[in-house]
Amino acid sequence: MNQVFNQAQASNDAIIRLKNVKKWYEDHYVLRDVSAEVKRGEVVVLCGPSGSGKSTLIRTLNRLEEINSGEIQVNGQNIQGKGNDINRMRSHIGFVFQQFNLFPHLSVLENVACGPAWVNKTSKDAAEKEALRLLTKVGLGHKAHAYPNQLSGGQQQRVAIARALALAPPVILFDEPTSALDPEMVGEVLNVMKALAADGMTMVCVTHEMNFAREVSDVVWFMDQGEILEIAPPDEFFTRPQHPRAQKFLSDIRHH
């Protein structure tokens, strides 16, 4: 049975809650009354046609995009609250971008270690030791002293994932993390994401990789025209989509 969010279903183990979230530019609505939640340890995949609001929605979860009305809570905190230290708040919400956004003048090790050193004032030795552990976790321990321009796109994205993990956030957001990669590099990034999911990391992913969504996600959110039109487990969504727009979306994917 497809899930439709309402207050009665809101659970105490939700790490992210969206309630009546709206965003617009003049007379153009980008997000229309979005309400949903993400539970701890859950992998949520946002899918839908281009321009449906997926990337905007995920960017509101750490205030890279501001909303016009509604409420977003992450780990019990209203992230729109007045007086919030936005940088500190963002340090507790990992984010992996389409473009890797690594610091080109820092080594791979320094890229991963800089967050704990700057935000948490962790000692350089401790930060670099943890950075090396995380780089090893994503299969790049041997590249610790390389620079970003010496890495492939897939390797740079894996460094970006290690960097997102460095502050031990309770949730990581992924905004189309494979869209800038050559096809042969997509698998290496998805494999790291699958390993994180298997470890119990809470993840919200905007992706066009439907096989990943089907195999790894716990829940699929289907968006179109700024609305979440369907929330369902992947086996139900991919075999028995309920909303006509979801049916058309999947039909188009299969056709292509």
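Up top is the structure.
Reading guide: rules and limits
- Residues numbered from 1 in each chain as written.
- Predicted model: local features only at pLDDT ≥ 70, side-chain atom pairs only at ≥ 80, totals over all residues.
- Heavy atoms only, no water.
- Helix = DSSP H or I, 4+ residues; strand = E, 2+ residues; numbered from the N terminus.
- Rg over C-alpha atoms; globule rule 2.2 N^0.38 Å.
- Buried < 20%, exposed > 50% of the residue type's maximum accessible area, 1.4 Å probe, protein only.
- Contact = heavy atoms within 4.5 Å.
- Areas by Shrake-Rupley, 256 points an atom, 1.4 Å probe, with all protein chains shown as cover.
- Lys, Arg positive; Asp, Glu negative; His and termini not counted.
- Charge placed at Lys NZ, Arg CZ, Asp CG, Glu CD.
- Axes fitted to C-alpha atoms, helices over the stretch in contact; angles between N-to-C directions.
- Parallel < 35°, antiparallel > 145°, perpendicular 65-115°, else oblique.
- Left-handed = near helix turned anticlockwise from the far one by under 90°.
- Nonpolar A, V, L, I, M, F, W, Y, C, P; charged D, E, K, R; others polar.
- Core = buried A, V, L, I, M, F, W, Y, C linked by side-chain atoms within 4.5 Å.
- Pairing = 2+ DSSP bridges.
- Phe/Tyr/Trp six-rings, centres within 6.5 Å; stacked < 30°, edge-to-face > 60°.

## Some remarks on the overall build of the protein chain
The helix and strand tally for the protein chain stands at nine helices and 10 strands. For 256 residues, the compact-globule formula gives about 18 Å, and the C-alpha radius of gyration of the protein chain, at 18 Å, lands near that figure. Projecting the C-alpha coordinates of the protein chain onto the three principal axes gives extents of approximately 50 × 45 × 35 Å. Expressed as a percentage of the 256 residues in the protein chain, the buried residues total 50%. Nonlocal contacts in the protein chain, meaning residues at least 24 apart in sequence, comprise 66% of its contacts between residues at least 6 apart. Carbon and sulfur atoms make up 47% of the accessible area of the protein chain, which amounts to about 12,400 Å² in all. The centroid of the 27 positive side-chain charges in the protein chain is displaced by 4 Å from the centroid of its 29 negative side-chain charges.

## Considering the packing of helix 4 (residues 124-137) against helix 5 (residues 153-165)
To characterise two packed helices, one gives the angle between the axes of the helices and the distance between these axes. Packing of helix 4 against helix 5 brings their axes to within 9 Å, and their N-to-C directions diverge by 135°. Taken together, helix 4 and helix 5 sit at an angle that is classed as oblique. In this structure, the crossing between helix 4 and helix 5 has a hand that is right-handed. Seen from helix 4, the contacting residues are Leu134, Leu135 and Lys137; seen from helix 5, they are Val159, Ala162 and Leu165. Counted by class, the contact of helix 4 with helix 5 contains five nonpolar, no polar and one charged residues.

## Some details on the nonpolar core
With 52 residues, the main nonpolar core has Leu135, Ile161, Phe174, Met193, Met203 and Phe237 as its most contacted residues. Examining the composition of this core, we find that eight residues originate from one element, helix 6 (residues 183-198), more than from any other. Excluding residues that lie within four positions of it along the chain, Leu135 makes contacts with Val108, Leu109, Val112, Leu140, Gly141, Ala144, Val159 and Ala162. Listed in part, the 29 residues of the second largest apolar core include Leu18, Val38, Met89 and Ile228.

## A short note on the sheet that holds strand 1 (residues 14-25)
One open sheet holds the four strands; their spatial order is 2-1-4-5, and the pairing between them is antiparallel. In this open sheet, the two strands that pair with only one neighbour each are strand 2 (28-39) and strand 5 (77-78). Examined bridge by bridge, strand 1 and strand 2 share eight bridges and lie antiparallel to one another. Pairing of Ile16 across the sheet is with Val38, part of strand 2.

## A few points about the environment of Ala162
Relative to the assigned elements, Ala162 resides in helix 5. Between the alpha carbons of Ala162 and Thr136 there is a distance of 9.1 Å; along the sequence they are 26 residues apart. Other than its neighbours up to four places away in sequence, Ala162 contacts Val112, Leu134, Leu135 and Val138.

## Notes on the pairing of strand 10 (residues 227-232)
Alignment of strand 9 (residues 219-224) against strand 10, held across five bridges, turns out to be antiparallel. Note on strand 10: the bridge partner recorded for Phe222 is Glu230. From the end of strand 9 to the start of strand 10, which pair antiparallel, there are two residues, and Gln225 there has a positive phi angle of about 50°.

## Concerning the packing of aromatic side chains
Per the counting criterion, the structure on display carries six aromatic pairs. A ring pair is formed by Phe95 and Phe97, whose centres lie 4.5 Å apart and whose planes are at 35°; its orientation type is tilted. For Phe95, a relative accessible area of 9% gives the class buried. Looking at Phe97, the relative accessible area reads 22%, which means it is partly exposed. The interplanar angle of 50° and the centroid separation of 5.3 Å between the aromatic rings of Phe222 and Phe249 together place this pair among those described as tilted. Of this pair, Phe222 sits in strand 9 while Phe249 sits in helix 9 (residues 244-255); the two residues are 27 residues apart in sequence, bridging distant segments of the chain. Overall, the relative accessible area of 13% leaves Phe249 in the buried class. Joined through ring pairs, the aromatic side chains of Phe222, Phe237, Phe238 and Phe249 make up one cluster.

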